[in-house]
Amino acid sequence: MKTIQVKLGNRSYPIHVESGLLEQLPSLLSEQNHGQKWIIISQYRLMEFFGFNLLDNLKQAGFSIDFITVPAGEAAKSINEFNRIISQMIEMNCDRSTTILALGGGVVGDVAGFVASSFMRGIDYYQIPSTLLAMVDSSIGGKTGINIAEGKNLVGAIYQPKSVFVDPSLLDSLPTEEVISGLGEIIKYGVIYDCDFFAEISQGLDDLESFPFEKAISRSCEIKADIVSKDEREGDLRRLLNFGHTIGHALEAHFGYGKLRHGEAVSYGMICAGWISNQLGYFSNDDYTNLKNVIQKLPLPPLNKFDANTLLPFIKNDKKTIAGELHFVVLDGLGSASTSNKVSGDLILTSLKEIQ
Ligand SMILES: NC(=O)c1ccc[n+]([C@@H]2O[C@H](COP(=O)([O-])OP(=O)(O)OC[C@H]3O[C@@H](n4cnc5c(N)ncnc54)[C@H](O)[C@@H]3O)[C@@H](O)[C@H]2O)c1
Ligand SMILES: [Zn+2]
């Protein structure tokens, strides 16, 4: 089992990565079981895939455990679902000692983490990510939250889990498009932080069937853990994780959540951000061509024709805009990124021709 530490003083925690890890959870969690109530928060289909099996195994190992499900999709990250989970937990006699297991993708992880952060002023929780995106990104770093009518993730907390358990074998049932979406984020880690990793990903993408998922997940977790350990609350370093996201978020909002997946939108956003970096003279022609070629190895859904101007309000709305200034993540080379406040709205609009 590979174990990676997120180092945050007395809130430090391990990320364990191994295929088949879910089967080992009863023994890995046994020391944390003091007879308290445990709650799996998941989605019904995921309970059928592997949640009920986990529930039975934990019951057999003496855990007092129940489960709560949320709907599929962004609808689960709503104030109504948040209320419903809290009410169910009260009905189930949960208290301050209750421990949550968040079993699912980023949607489940975000809402379950937010419940953990606020129920009885904060209870313990563990992340058990089941999508590639959640394994390499959303389960690590403690960002939790829900959506409101005014926008995504506008209510939330930074609240770290006790551990993250990554079992890459859960990916066996994940639809291909969700895998592709997660690969977009994996490419991002190579691009912003580690050029050797970028080269390995590039090679791996030549034959998706034999892509080294476990290795790539571990390396991505190491990079995210390293960044979060140095900058938990999103200063300049953690902001680099937003590479490709300013335009990615705008594409997601424009085309509709659920139509274009997050990692797919970010992949398109990375092409534009790479082009912008090149135009500003930070990023060479060869590196930009290389970046674009690697991203285009992903079978991304083609984008319907769109008017670039319609994206600008979404870009200006991006919450990474601080005091009216856009902190845009640019590349200085493959494996090296920084932020720039020199990126104008016009340049962003022109960059969109690279993906149309
Ligand atoms: N907290 C963070 O730092 C952070 C970072 C990035 C994204 N996010 C959030 O994550 C969410 C997106 O997460 P996501 O991409 O994992 O989507 P998701 O959680 O909606 O999962 C995608 C779909 O895959 C299904 N699924 C999950 N695991 C499966 C499995 N093993 N087999 C079969 N089906 C499975 C889900 O039921 C869902 O229908 C967004 O809400 C985004 O805001 C959070
Ligand atoms: Zn992302």
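Being a predicted model, the structure only gives us computed values, none of them experimental.

J.: Got a minute to help me understand the coordination of the zinc ion (ligand 2) in this structure?
T.: A metal bound by six donors in octahedral fashion has ideal angles of 90 or 180 degrees, whereas one bound by four tetrahedral donors has an ideal angle of 109.5 degrees. At this site the zinc ion (ligand 2) is bound by Glu185 (OE), His245 (NE2) and His262 (NE2), with donor distances of 2.0 to 2.1 Å. Read in sequence order, the donor residues coordinating the zinc ion (ligand 2) give the pattern E-x59-H-x16-H. Linking histidine 245 in helix H10 (residues 245-255) with histidine 262 in helix H11 (residues 262-279), this pair joins segments that are 17 residues apart in sequence. A relative accessible area of 21% places histidine 262 in the partly exposed class.

J.: What is the right way to look at the pairing of strand S2 (residues 13-17) in this model?
T.: Counting buried residues along S2, five of its five residues qualify, which places the element largely inside the surrounding structure. Where burial is concerned, the two faces of S2 agree: the one with Tyr13, Ile15 and Val17 and the one with Pro14 and His16 are both buried. Sheet topology note: the strand S1 (residues 2-6)/S2 ladder contains five bridges and is antiparallel. Across the sheet, threonine 3 pairs through a bridge with histidine 16, a residue of S2. Counting the residues between successive antiparallel strands, the hairpin from S1 to S2 contains six residues, one of them, glycine 9, with a positive phi of roughly 60 degrees.

J.: Can you walk me through the environment of serine 340 in this structure?
T.: When you line up the elements, serine 340 lands in strand S13 (residues 336-340). Separated by 14 residues in sequence, serine 340 and leucine 326 place their C-alpha atoms 8.0 Å apart. In this structure, serine 340 is in contact with Leu280, Tyr282, Leu326, His327, Phe328 and Val330, ignoring residues within four places of it in sequence. Polar contacts involving the side chain of serine 340 include one to the main-chain amide nitrogen of lysine 342, which spans 2.9 Å.

J.: How should the environment of alanine 134 be read in this particular structure?
T.: Inspection of the secondary structure assignment puts alanine 134 in helix H5 (residues 132-138). On the basis of relative accessible area, alanine 134 is assigned to the buried category, the value being 1%. Considered as a pair, alanine 134 and aspartate 110 are 24 residues apart in the sequence and their alpha carbons are 9.7 Å apart. Excluding residues that lie within four positions of it along the chain, alanine 134 makes contacts with Gly104, Gly105, Gly106, Pro129 and Ser139.

J.: Would you explain the site of ligand 1 in this entry?
T.: The local shell around ligand 1 holds 25 residues, among which Gln43, Glu74, Ser130, Thr131 and Ser173 are the closest. At a separation of 2.9 Å, an oxygen atom of ligand 1 approaches a polar side-chain atom of lysine 77. Contacts to ligand 1 include serine 130, whose side-chain N or O atom sits 2.7 Å from a nitrogen atom. Compared with its free state, where it exposes 870 Å², ligand 1 has 88% of that area covered by protein. Per-element accounting of the shell around ligand 1 gives the leading share, four residues, to helix H2 (residues 44-60).

J.: Would you take a moment to explain the environment of serine 218 for this structure?
T.: Relative to the helices and strands, serine 218 is located in helix H8 (residues 213-230). Once the C-alpha coordinates of serine 218 and valine 166 are considered, the two residues, 52 residues apart in sequence, prove to be 9.1 Å apart. Excluding its chain neighbours within four sequence positions, the residues that come into contact with serine 218 are Lys2, Ile4 and Val17.

J.: Would you take a moment to explain unusual backbone geometry for this structure?
T.: Glycine aside, residues mostly have negative phi, and peptide bonds are mostly found in the trans state. Phi is positive for asparagine 93, close to 65 degrees, though the residue is something other than glycine. Among the structural elements, asparagine 93 can be located in the loop between helix H3 (79-91) and strand S5 (99-104). Phi at arginine 121 is positive, roughly 65 degrees, even though this residue is not glycine. Within the element layout of this structure, arginine 121 appears in the loop between helix H4 (106-118) and strand S6 (124-129). Its relative accessible area of 78% is what places arginine 121 among the exposed residues.

J.: Is there a simple way to explain the packing of aromatic side chains in this structure?
T.: Aromatic ring pairs are reported here in terms of the distance separating the ring centres and the angle at which the planes meet. Per the stated rule, a full pass over the model turns up ten aromatic pairs. Here tyrosine 125 and tyrosine 159 contribute two aromatic rings whose centre-to-centre distance is 5.8 Å and whose plane-to-plane angle is 10 degrees, an arrangement assigned as stacked. Taken as a pair, tyrosine 125 in strand S6 and tyrosine 159 in the loop between strand S8 (151-158) and strand S9 (164-166) lie far apart in primary sequence, 34 residues in all. A relative accessible area of 23% places tyrosine 159 in the partly exposed class. Here the aromatic rings of tyrosine 126 and phenylalanine 165 are separated by 5.9 Å at their centres, their planes lie at 20 degrees, and the arrangement is stacked. Here tyrosine 126 is found in strand S6, whereas its partner phenylalanine 165 is found in strand S9, with 39 residues between them in sequence. Pair check on accessibility: tyrosine 126 and phenylalanine 165 agree, each one buried.

J.: Can you walk me through the packing of helix H1 (residues 21-29) against H2 in this structure?
T.: A pair of packed helices can be characterised by two numbers: the angle between their axes and the separation between those axes. Axis separation between H1 and H2 bottoms out at 9 Å; the angle between their running directions is 25 degrees. The angle between the axes of H1 and H2 places the two elements in the roughly parallel class. Our pair here, H1 against H2, has a crossing hand that is right-handed. Facing Leu22, Glu23, Leu25 and Pro26 of H1, the residues of H2 in contact are Phe50, Asn53, Leu54, Asn57 and Leu58.

J.: What is the right way to read the domain arrangement of the protein chain from this model?
T.: In terms of domain boundaries, the protein chain breaks down into domain 1 (2-173) and domain 2 (177-355). Between the C-alpha centres of domain 1 and domain 2 the distance comes to 27 Å. Taken together, the contact between domain 1 and domain 2 spans 28 residues of the former and 26 residues of the latter. Note on domain 1 versus domain 2: buried area summed over both sides is about 2,300 Å², and carbon and sulfur give 65% of it.

Rules used in this analysis
- Residues numbered from 1 in each chain as written.
- Chains lettered and ligands numbered in written order.
- Predicted model: local features only at pLDDT ≥ 70, side-chain atom pairs only at ≥ 80, totals over all residues.
- Heavy atoms only, no water.
- Donors = N, O, S within 2.8 Å, 3.2 Å for Na, K, Ca; no water.
- Helix = DSSP H or I, 4+ residues; strand = E, 2+ residues; numbered from the N terminus.
- Buried < 20%, exposed > 50% of the residue type's maximum accessible area, 1.4 Å probe, protein only.
- Pairing = 2+ DSSP bridges.
- Contact = heavy atoms within 4.5 Å.
- Polar contact = N/O pair within 3.5 Å; in protein donor to acceptor, adjacent residues only side chain to side chain.
- Near = heavy atom within 4 Å.
- Areas by Shrake-Rupley, 256 points an atom, 1.4 Å probe, with all protein chains shown as cover.
- Phe/Tyr/Trp six-rings, centres within 6.5 Å; stacked < 30°, edge-to-face > 60°.
- Axes fitted to C-alpha atoms, helices over the stretch in contact; angles between N-to-C directions.
- Parallel < 35°, antiparallel > 145°, perpendicular 65-115°, else oblique.
- Left-handed = near helix turned anticlockwise from the far one by under 90°.
- Domains from an automatic or database assignment.
- Buried area = accessible area lost by both parts, 1.4 Å probe.

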